[in-house]
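# Secondary and tertiary structure notes
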Amino acid sequence: MVIIGGGVVGLSVAWRTARRGLSVAVVDPAPGGGATHVSAGMLAPVSEVTYTEEPLLRLGLASLARWPSFRAELEDESGSALDYRADGTLDIAYGADDMAYLDELAAFEKTLGLRVERLTGRECRAFEPMLSPSVRGGLLARDDAWVNPRRVVRALLTSFEKAGGTLLPDRVTALSAGRDGGDGDRSSGVRLASGEVVRATNVVVAAGSWSPSLVPGLPVRPVKGQILRLRGPEGFLTRCVRGLVHGSPAYLVPRGDGEITVGATVEELGFDGRVTAGGVYELLRDARELVPGITELELTETAVGFRPGTPDNLPLIGPAGSHGVLAATGHHRAGVLLAPITAEAVVAFLTGGEAPDVVKSCDPGRFSH
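Overview of the structure. (Residues numbered from 1 in each chain as written. Predicted model: local features only at pLDDT ≥ 70, side-chain atom pairs only at ≥ 80, totals over all residues. Heavy atoms only, no water.)

## Considering the pattern of salt bridges
A pair can form between side chains of opposite charge whenever their charged atoms are brought close. Counted by the stated rule, this structure contains 23 salt bridges. When the shortest N-O distance is used, the salt bridge between Arg16 and Glu73 registers 2.5 Å. Of this pair, Arg16 sits in helix H1 (residues 8–19) while Glu73 sits in helix H4 (residues 54–78), placing them 57 residues apart in sequence. The class for Arg16 is buried, based on a relative accessible area of 17%. Judged by relative accessible area, which is 28%, Glu73 ranks as partly exposed. (Salt bridge = Lys/Arg side-chain N within 4 Å of Asp/Glu carboxyl O. Helix = DSSP H or I, 4+ residues; strand = E, 2+ residues; numbered from the N terminus. Buried < 20%, exposed > 50% of the residue type's maximum accessible area, 1.4 Å probe, protein only.)

In structure tokens:
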């Protein structure tokens, strides 16, 4: 089997598949160097929910429930800590309108059985003293977590190779089609930029925003995101902080070593890889509204990534294109969160098992009906 793409989704599928004893090769010129590299690593289905996206919420909650065991197994097999934290997300509001929105959101989330707690401004600042004194109130989503995606990628690479997997640092230019004995075209592998053809009965396309170049017709587009990394004293923030600033969502995600990820812009600009002065300004401006003290921190990195978006924001998981081709792409803002359940589903498709029911809404064929 060949997996195209070495981001968190592709590597999770590869690791889980190799552990089942299958022969697996991952093809990627720079594993973990795409959207995963610039991801904030939030495992936050509750804070990402909207009223119209309940299937995505259900998918996210199912995957979040799998993260503790996924993390434990990955840390054990790789010997590396992932900087996984489960202190919840603090969603804050400044004005009456923002607070009314959070109240409606809390009521909706409670109907779904989610743990959310309404907080006053004073209570928000008791949790996070660095918050702006202008905070009116907020919600604490206690079940949200986050992880360092760069550590996850390194651990997945180690565990995948320990399980007998092969990493090919090359680029796939096309799927190589063959005949399956009468049932029509079937994938027989992939063609690499070097000209080599790697034979395989099954191909998993986990190439993120570049997936349509390999399977024409997949409704995946790049959504540009600029993101910043700052460094400050450990404990500057203790949990994820989110808020609406100037009508746009902003977030700050702390790491155990004092790093804070600030994000992220949402730009429909195709594969425009430029870090712009306007993007950096807007991120720092909005973050400062939430946590004024961030202006004293060191700016250590600016980066751009391309989220693989779909028309309904649900990923594409399942058979796609030719026989023997599976899609595991289109995860948009939630690739890290959805990696465990995506891997579980793809392994089920490959081995004849039963994929989780919640993944049925992610059938790539839903857009062709």
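## Overview of the sheet that holds strand S14 (residues 240–245)
The 8 strands are arranged S5-S6-S4-S14-S15-S16-S13-S17 in an open sheet whose pairing can be described as mixed. A strand with exactly one partner marks an edge of an open sheet, and here the two such strands are strand S5 (116–120) and strand S17 (298–309). Taken over all neighbouring pairs, the strand axes of this sheet differ in orientation by 20° on average, direction set aside. Both S5 and strand S6 (residues 137–141) contribute to a ladder of 5 bridges, which runs antiparallel. Each residue of the ladder has a partner; that of Leu119, found in S6, is Gly138. (Pairing = 2+ DSSP bridges. Axes fitted to C-alpha atoms, helices over the stretch in contact; angles between N-to-C directions.)

## Observations concerning unusual backbone geometry
In this structure, Ala264 follows Gly263 across a cis peptide bond, with omega equal to -25°. Structurally, the position occupied by Ala264 is in the loop between strand S16 (259–263) and helix H8 (277–290). The backbone of Asp83 shows a phi angle near 55°, a positive value even though the residue is not glycine. Looking at the element boundaries, Asp83 is found in the loop between H4 and strand S4 (89–93). A positive phi is found at His332, a non-glycine position, where the angle reads about 50°. Note on placement: His332 falls in the loop between strand S19 (325–329) and helix H9 (335–351). Judged by its relative accessible area of 17%, His332 falls in the buried class.

## Digging into the sheet that holds strand S1 (residues 2–4)
Pairing is mixed across the open sheet formed by 6 strands, whose spatial order is S8-S2-S1-S12-S19-S18. Of all strands in the sheet, those with a lone pairing partner are strand S8 (166–168) and strand S18 (316–319), marking the two edges. Averaged over all pairs of adjacent strands, the angle between strand axes in this sheet comes to 20°, irrespective of strand direction. Helix-sheet contacts for H1 involve S1, strand S2 (25–27) and S19, and the interaxial angle to S1 is about 165°. (Contact = heavy atoms within 4.5 Å.)

## Structural notes on helix H5 (residues 96–111)
The terminal C-alpha atoms of H5 lie 23 Å apart, and with 16 residues this matches the ideal 22 Å at 1.5 Å per residue to within 8%. The complete set of buried residues in H5 reads Met99, Leu102, Leu105, Ala106, Phe108 and Glu109. (Expected span 1.5 Å × (residues − 1).)

## Looking at the packing of H4 against helix H7 (residues 149–162)
Two quantities define a packed helix pair, namely the angle between the axes and the distance from one axis to the other. Packing of H4 against H7 brings their axes to within 9 Å, and their N-to-C directions diverge by 65°. The element H4 and its partner H7 pack so that their crossing is left-handed. Contacts between H4 and H7 involve Trp67, Phe70, Leu74, Glu77 and Ser78 on the former and, on the latter, Val152, Ala155, Leu156, Thr158, Ser159 and Lys162. For the contact of H4 with H7, a count of residues per class yields 6 nonpolar, 3 polar and 2 charged. (Left-handed = near helix turned anticlockwise from the far one by under 90°. Nonpolar A, V, L, I, M, F, W, Y, C, P; charged D, E, K, R; others polar.)

## With respect to the nonpolar core
Ranked by internal contacts, the top residues of the largest apolar core, which has 48 residues, are Ile3, Leu43 and Trp67. Every element with two or more residues in this core is listed here: H1, H4, H7, S19 and H9. Among the elements that make up this core, the one with the highest residue count is H9 (10 residues). Apart from the residues within four sequence positions on either side, Trp67 is in contact with Leu43, Leu82, Tyr84, Val147, Val152, Val336, Leu337 and Pro340. Within the second largest apolar cluster, 24 residues are counted, among which are Val241, Leu252, Leu290 and Val291. (Core = buried A, V, L, I, M, F, W, Y, C linked by side-chain atoms within 4.5 Å.)

## Quick notes on the state of the cysteines
According to the stated counting rule, one finds 0 disulfides in the structure shown. This cysteine, Cys240, is not joined by any disulfide, and Cys124 carries the nearest cysteine sulfur, 15 Å off. Since its relative accessible area comes to 1%, Cys240 is described here as buried. (Disulfide = S-S within 2.5 Å.)

## Considerations on the environment of Gly318
Note on placement: Gly318 falls in strand S18. You can call Gly318 buried: its relative accessible area is 0%. Setting aside chain neighbours within four positions, we find Gly318 in contact with Val325, Leu326, Ala327, Phe349 and Pro364.

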